[in-house]
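# Descriptive analysis of the structure
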Amino acid sequence: MPSLKLSFPVRARDFLAGGHGAARIRQVLQQVGFPPEIIRKAAIAAYEAEMNIIIHSYGGELKAHITPGAITITAVDDGPGIPDIELAMQEGYSTAPREIQEMGFGAGMGLPNIRRCADELEIKSGAGQGTTVNIIIYNR
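Residues numbered from 1 in each chain as written. Predicted model: local features only at pLDDT ≥ 70, side-chain atom pairs only at ≥ 80, totals over all residues. Heavy atoms only, no water.

Turning our eyes to something else, we now look at the sheet that holds strand E3 (residues 70–77). Strand pairing in a sheet relies on backbone hydrogen bonds. The paired strands run either parallel or antiparallel. Across the sheet, five strands lie side by side as E1-E2-E3-E5-E4; this open sheet has antiparallel pairing. Of all strands in the sheet, those bounded by a partner on one side alone are strand E1 (4–10) and strand E4 (120–125). Across the sheet, the mean angle from the axis of one strand to that of its neighbour is 10°, orientation sign disregarded. With six bridges connecting them, E4 and strand E5 (residues 131–138) associate as antiparallel partners. Pairing of glutamate 122 across the sheet is with asparagine 134, part of E5. (Pairing = 2+ DSSP bridges. Helix = DSSP H or I, 4+ residues; strand = E, 2+ residues; numbered from the N terminus. Axes fitted to C-alpha atoms, helices over the stretch in contact; angles between N-to-C directions.)

Rendered as structure tokens:
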């Protein structure tokens, strides 16, 4: 299998399109024959990253680089950034506005769910700087 690169624009507050990029990543992984457990981890991580862009940023991009040995998912956004990454990694902590929480989103489980699925996780962010989340899932 050659290396594959996918990229999906993600618009802020576009809940109707939320998850489309993650679903496409899942489809491609199925088509190229990744094991179901790896596909599940990648789909969850991609979905949570995509929804974080929709909920917390001004828009961004969800990318996947697929090789036989690993899936690298990168979520990049233009947004307010994460002032305290350690706090944001705590289950249940959320800065999502009340109206988004009332829609059933922004429960504070996105980053913890990503951490559970990832073999490697790197988050680069700061107040006013946007956020880049790099997720690596190895195909063992």
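That covers the picture; the talk isn't over yet.
Membership of the largest hydrophobic core comes to 38 residues, with the highest contact counts inside it found for Ile25, Leu29, Leu62, Ile71, Ile73 and Ile135. Listing elements by their share of this core, those giving two or more residues are E1, helix H1 (20–31), helix H2 (36–56), strand E2 (60–66), E3, helix H5 (110–117) and E5. Looking at which element gives the most residues to this core, the answer is H2, with ten residues. (Core = buried A, V, L, I, M, F, W, Y, C linked by side-chain atoms within 4.5 Å. Buried < 20%, exposed > 50% of the residue type's maximum accessible area, 1.4 Å probe, protein only.)

Here we come to H1. If you check H1, its first and last C-alpha atoms are 17 Å apart, about what twelve residues at 1.5 Å a residue would give, namely 16 Å. Taken together, the buried positions of H1 are Gly21, Ala22, Ile25, Val28 and Leu29. One face of H1 carries all of its buried residues, which in axial projection span an arc of 125°. H1 presents His20 and Gln31 as exposed residues on the side facing more than 90 degrees away from its buried surface. Where H1 is buried, its residues touch E1, H2, E2 and E3. Phi turns positive one or two residues past the end of H1, at glycine 33, with a value near 90°. (Expected span 1.5 Å × (residues − 1). Arc of directions from axis to C-beta. Contact = heavy atoms within 4.5 Å.)

Below, the discussion takes up the pairing of E5. Only one face of E5 is buried, namely the one carrying Thr131, Val133, Ile135 and Ile137, since none of Thr132, Asn134, Ile136 and Tyr138 on the opposite face is buried. The hairpin turn running from E4 into E5, its antiparallel successor, is five residues long, and glycine 128 in that turn takes a positive phi close to 75°.

Limitation: the analysis is restricted to geometry and does not speak to function.
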